[in-house]
Amino acid sequence: MSKSLPSVLIASDSAEEIQLITKSLRAAYPGCRVEAMYSAEEVLESASREEWPVILLDEALPRQCGLDVLPELKRRAARSAIILQADRNDSDVAVHAMRTGADYYIWKKSATYLLDLPIAIREVLEKQDLRTRLDLANERYRRLIENMTDMVYELDQEGRFVYVSATVETLLGYSAGELVGTHYSKLIHSEDVAKASQRFNERRTGARGTRNLELRLLHKETRDGAAKVIDVEVNAVGLHGPHQRFLGTVGVVQNLEKRKQEQARLQEMGDRLQHAERLKELGQFIAGIAHELNNPLTSICGYTDLMLGQISDPRLVTQLKTVAAEAARAAQIVKELLLFSRPQPVERTPVSVSQAVDRVLSLKAQELAAHAVQTEVRLAEQTPPVLCDEAQLQQILLNLITNAEHAMWEKDRGGRLIIASQTGHPTDGRRWVDLEVIDSGPGIPSEDRRRIFTPFFTKKKGGQGTGLGLAIVDRLIQENGGTIEVDNAPGGGARFRLRLQATDRASQPESPPKQAPSTP
């Protein structure tokens, strides 16, 4: 996500609260514009004058409740993302707020309220953007169907074509001129002529129009002497002049095959939207749990370290070290949960692949050596920089190398790790760098490769992994505009192939490594 934020309008009667919110927003989004209004009248007037991408509406306003203002505010600011800041943590109030115009409901008395507010803004903007793009896609596909696949026609009183749109050539292979004067029955499959004639006669008498009539039309081309059949849907109405004199019929023929394909695409997009919303809800739930666990774990770690410095009994020291190790592992899991549930801003800059690989291997050198893992780096000469977030690329490599290390350790206490790269062929006007991480472990069964990037999916023994490492890799690679594939390498072992966009711009000068936690 970009570090910039659109303008924010705050509606609250508390100057102190406005000051705290402004400080929180500018800490998360430096330089963002924030403007405050202190009454319902002021915020409604401002929303009428100016389009605000984000409006923070306090439930408690002078003379009028924020909930009562919501419907009118949504009417005036239909394109704004409205976040209701509530004094009550009440599910009924939240439902009412969402139904009357709010895009998000946040409880002001939460311990993490000021930290959660910038994230809530990011989420409503992302959701709004996703819905806008889905609406545009729906409109694009609708126009595509109307303009590219529909055939418009007109018949006279006897059922002969008076007019046929040019799309008939795409649909049936005839030119429009070839069909003018031809009876419609010549285009219909023999088994469907009777029901088509029945509907035509109903339109003649004015009984009813034709709706959703499915027919089989005959294409001009033939295959081995058999006519090529096209499934279509017909919608038509009768034309009548003075005294209800029947003049003919006008109708639209839709290619069912094309329409079904477009409907499947729209369904897929809808499924993706629902999946994205479910992941966001899951992320909020996970983040809440992680925050609740973080404070007690910090206390446990602190007190354990303090007691270790004060106790000399070897038995107690051993037990306390076990407690400390388990608490540290739990704290690591909390960090991973937060990393997965709340994506960090992405700053895509030119990054040297060789430098990123060297930095991560230097961090893992001792651990790989201890596990008898031999490392081989096969980077192609003159590999161009890739356009990505440097810290996130290191996180991706760190997680993949750790995953490979564990796979080989489980198989045979050691193995061979290969990191290779090559410049891919240009596609869509862009060049790509393929970066592979290959291990000599047992490989990945085909049924598991379909689920390997699913959050919390793991085949490791209890307590040895969270199932988040590869899910984090998948999310980070997508956020950086790349792709990832997994298969089994020749001779055994797993191969993860990253594809990142190459750039002609020079990478940044080498800086100290940014260490990120590895994920088992």
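A brief structural summary. (Residues numbered from 1 in each chain as written. Predicted model: local features only at pLDDT ≥ 70, side-chain atom pairs only at ≥ 80, totals over all residues. Heavy atoms only, no water.)

## Examining the overall build of the protein chain
And step 1. Looking only at helices and strands, one finds 14 helices and 19 strands in the protein chain.
And step 2. Here the analysis covers contacts within the protein chain between residues at least 6 apart in sequence; of these, 65% occur between residues at least 24 apart.
And step 3. For the protein chain, the exposed surface amounts to about 28,100 Å²; the carbon and sulfur share of it is 51%. (Helix = DSSP H or I, 4+ residues; strand = E, 2+ residues; numbered from the N terminus. Contact = heavy atoms within 4.5 Å. Areas by Shrake-Rupley, 256 points an atom, 1.4 Å probe, with all protein chains shown as cover.)

## Focus on the pairing of strand E7 (residues 104–107)
And step 1. Inspection of the sheet shows strand E6 (residues 81–86) paired to E7 by 4 bridges, in the parallel sense. Bridging from a neighbouring strand, Gln 85 pairs with Ile 106 of E7.
And step 2. Considered for its hand, the β-α-β crossover made up of E6, helix H4 (residues 91–99) and E7 is right-handed. (Pairing = 2+ DSSP bridges. Right-handed = clockwise from strand over helix to strand, strands pointing away.)

## Some remarks on the pattern of salt bridges
And step 1. Inspection of every chain in the model, using the stated rule, returns 28 salt bridges.
And step 2. We note a salt bridge from Glu 390 to Arg 359, for which the minimum N-O separation is 2.1 Å. Residue Glu 390 is located in helix H12 (residues 390–412), and its partner Arg 359 is located in helix H11 (residues 353–370); the two are separated by 31 residues in the primary sequence. Arg 359 matches Glu 390 in its accessibility class, with the two residues each being buried.
And step 3. The residue Glu 405 makes a salt bridge to Lys 364 at a minimum N-O spacing of 2.9 Å. Of the two residues, Glu 405 is situated in helix H12 and Lys 364 in helix H11; the sequence distance between them amounts to 41 residues.
And step 4. Since its relative accessible area comes to 3%, Lys 364 is described here as buried.
And step 5. Residues joined by salt bridges that share partners form a network here, namely Glu 17, Asp 58, Asp 87 and Lys 108. (Salt bridge = Lys/Arg side-chain N within 4 Å of Asp/Glu carboxyl O. Buried < 20%, exposed > 50% of the residue type's maximum accessible area, 1.4 Å probe, protein only.)

## Some thoughts on the sheet that holds strand E19 (residues 494–501)
And step 1. Read across the sheet, 5 strands follow the order E14-E16-E17-E19-E18 without closing on themselves; strand pairing throughout is mixed. Both outer strands of the open sheet, strand E14 (373–378) and strand E18 (483–488), are each paired with one neighbouring strand and no more. Taking the axes of each pair of neighbouring strands and ignoring which way they run, one obtains an average angle of 20 degrees across the sheet.
And step 2. Running over the sheet, helix H14 (residues 469–479) touches E18 and E19 and is turned about 140 degrees from E18. (Axes fitted to C-alpha atoms, helices over the stretch in contact; angles between N-to-C directions.)

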